[in-house]
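Residue strings, one per chain:
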Amino acid sequence: QVQLVESGGGLVQAGDSLRLFCAASGRIYATDAMGWLRQAPGKEREFVAAMGRSGAVTLYADSVKGRFTISRDNAKNMVYLQMASLKPEDTAVYYCAANREYVTRSPGAYDYWGQGTQVTVSS
């Protein structure tokens, strides 16, 4: 099993920046891709960003490309999401997730999930 714990969410204004943290524990060696996904009220969970273990493969949703940056520190078992130029439509619960084998945009393909951290962007 892999345990994921997110932190760093909060209430910010449009245009602000925020950094999310994901601490991983357990059988980390059995996972490859780490991703961030989000779910806004009344909407389906959607992909935000993902990165493979080596960092060679990185994917972003079009809606966040150029504003968000995913990174990871394998030695510390940490994954980060740096968010800049935040917009009200970025308001959602942000989840850290892990896939055992490959980097993917599909929320249904992730094997492990954290509990989520709320990000609220006011206009």
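In what follows, the accompanying structure is described. Keep in mind the model is a prediction, meaning the values are calculated, not measured.

1. Focus: the pairing of strand S5 (residues 46-51)
Buried residues dominate S5, accounting for five of its six residues. Relative to S5, strand S4 (residues 33-39) runs antiparallel, the two being bridged by five bridges. Its bridge partner lying in S5, Trp36 is registered against Ala49. Strand direction decides the pairing type here: S5 and strand S6 (residues 58-60), joined by three bridges, are antiparallel.

2. Some points on the pairing of strand S9 (residues 92-99)
Most of S9 sits out of view: seven of its eight residues are buried. When S4 meets S9, the two strands line up antiparallel, connected through seven bridges. When the sheet's bridge partners are listed, Ala33 is paired in S9 with Asn99. Two elements, S9 and strand S11 (residues 117-122), share three bridges in a ladder whose sense is antiparallel. Across the sheet, residue Val93 finds its bridge partner in S11, namely Gln118. Relative to strand S10 (residues 112-113), S9 is paired through two bridges, and the arrangement is antiparallel. Across the sheet, the residue bridging to Ala98 is Tyr112, located in S10.

3. Quick look at empty space enclosed by the protein
By the definition in use, this model includes one cavity of 30 Å³ or more. As for the largest cavity, its lining consists of Ala24, Ile28, Thr31, Met34, Arg53, Arg72, Asp73, Asn74, Asn77, Met78 and Val79. Elements with a contribution of two residues or more to the lining of the largest cavity: strand S7 (68-73) and strand S8 (78-83). The residue makeup of the lining of the largest cavity, split by class, is five nonpolar, three polar and three charged.

Criteria and thresholds
- Residues numbered from 1 in each chain as written.
- Predicted model: local features only at pLDDT ≥ 70, side-chain atom pairs only at ≥ 80, totals over all residues.
- Heavy atoms only, no water.
- Buried < 20%, exposed > 50% of the residue type's maximum accessible area, 1.4 Å probe, protein only.
- Helix = DSSP H or I, 4+ residues; strand = E, 2+ residues; numbered from the N terminus.
- Pairing = 2+ DSSP bridges.
- 1 Å grid on protein atoms, 1.4 Å probe; cavity = no way out; pocket = protein on both sides within 12 Å on 5 of 7 lines; lining within 4 Å.
- Points joined across faces, edges and corners; volume = space filled by probe spheres on them.
- Nonpolar A, V, L, I, M, F, W, Y, C, P; charged D, E, K, R; others polar.

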